[in-house]
Amino acid sequence: MQNHAKKVNTTLSIKDLHVSVDDKEVLRGVDLDIGKGEVHALLGPNASGKSTLAYAIMGIPEYKVTKGRIYLNKKDLTKLPPEGRAKTGIALAFQNPPVVKNVKLGDLLNRISNTGLDDGISGEHLLKRELNKGLSGGEKKLSELMQVFSLKPKLIIFDELDSGLDIEKVKTLTSYSKQMLNKENASALVITHNGEILRFLKPEKIHVMINGKIICTSDDWKTVWRTIKRYGYEKCKKCRVRSS
């Protein structure tokens, strides 16, 4: 029988990825594929390896790939430094963006591009401020998003976009992110341990990571999140055991 499944152009492809930090293996064989223009969510308890995956994809030196491969649009990035990966089209929005003194957001954005904020979300009041200095949590996240989208990346990794924010700010920032992703036809991996963001994000796929492995992948984010919210991640472990 012929397979008539729709082909998806893959932006990010990770194969059997093992990553160590300080000689301790944190990721133990991660496989992940994200199609062009798709938004995927990655959930998991604290210390499950979610941020390690983000930093490994970005090529942060402390996160050493000991086995496996990372591809962006079929190009092997595994041995490229962070700046090389950024040039190929990967951008990372950090959970806790650093303060950069004596650098104004507006000056930085002008150096990168002329991209501004669209659809009624204004960050004009941040342009004359130093990067993340004296900003609220929501302002820091907005500043970070302005920088990330100005790069026009092919793949954006959001590390805990919702961390420390009330639900209204999460809704606003998520709405802006979706609009910009659609505009650029970019892909995204959204890392979170608070699945409430999924109500606004509505990802194409959801993945659950526990102990350095992705143990669940589904296109039914509602069922997965309801299960986790009601029973915790232990239910995911038991489901994995039964299906293996």
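As the structure is a computational prediction, the values presented were derived from the model and not from experiment.

Here's the deal with the sheet that holds strand S3 (residues 39-43)
Paired through their backbone hydrogen bonds, the strands of a sheet run either parallel or antiparallel. The strand order across the open sheet built from six strands is S6-S9-S10-S3-S11-S12, with neighbouring strands paired in mixed fashion. Edge positions in the sheet fall to strand S6 (90-93) and strand S12 (213-218), since each of these pairs with one other strand and no more. If you compare each strand with its neighbour and ignore which way they point, the axes differ by 20° on average. Bridge analysis of S3 against strand S10 (residues 187-192) gives five bridges, and the strand direction is parallel. Residue Leu43 lies in a different strand from S10, and its bridge partner there is Thr192. With respect to the sheet, helix H5 (residues 167-184) is in contact with S3, strand S9 (155-159) and S10, its orientation differing from that of S9 by roughly 165°. On top of the sheet, helix H7 (residues 221-231) reaches S3, strand S11 (205-210) and S12; it is set at about 35° to S11, its chief contact.

Description of the layout of surface pockets
Looking at the largest pocket, its volume works out to about 430 Å³. Lining of the largest pocket is provided by 20 residues; of these, Leu92, Phe94, Glu144, Gln147 and Leu151 occupy positions nearest its centre. Broken down by secondary-structure element, the contributors of at least two residues to the lining of the largest pocket are helix H2 (82-88), S6, helix H3 (105-112) and helix H4 (137-150). Classifying every residue of the lining of the largest pocket by side-chain character gives 16 nonpolar, two polar and two charged.

Thoughts on the sheet that holds strand S2 (residues 24-35)
The strand order across the open sheet built from four strands is S2-S1-S4-S5, with neighbouring strands paired in antiparallel fashion. Every other strand in the sheet has two partners, leaving S2 and strand S5 (75-76) as the edge strands with one partner each. Pairing analysis gives seven bridges linking strand S1 (residues 10-21) to strand S4 (residues 64-72), with the strands arranged antiparallel. Among the inter-strand pairings, Leu12 is bridged to a residue of S4, identified as Leu72. Its contacts with the sheet place helix H1 (residues 50-58) against S1, S2 and S4, and it is angled at close to 110° to S1.

Rules of the game
- Residues numbered from 1 in each chain as written.
- Predicted model: local features only at pLDDT ≥ 70, side-chain atom pairs only at ≥ 80, totals over all residues.
- Heavy atoms only, no water.
- Pairing = 2+ DSSP bridges.
- Helix = DSSP H or I, 4+ residues; strand = E, 2+ residues; numbered from the N terminus.
- Axes fitted to C-alpha atoms, helices over the stretch in contact; angles between N-to-C directions.
- Contact = heavy atoms within 4.5 Å.
- 1 Å grid on protein atoms, 1.4 Å probe; cavity = no way out; pocket = protein on both sides within 12 Å on 5 of 7 lines; lining within 4 Å.
- Points joined across faces, edges and corners; volume = space filled by probe spheres on them.
- Nonpolar A, V, L, I, M, F, W, Y, C, P; charged D, E, K, R; others polar.

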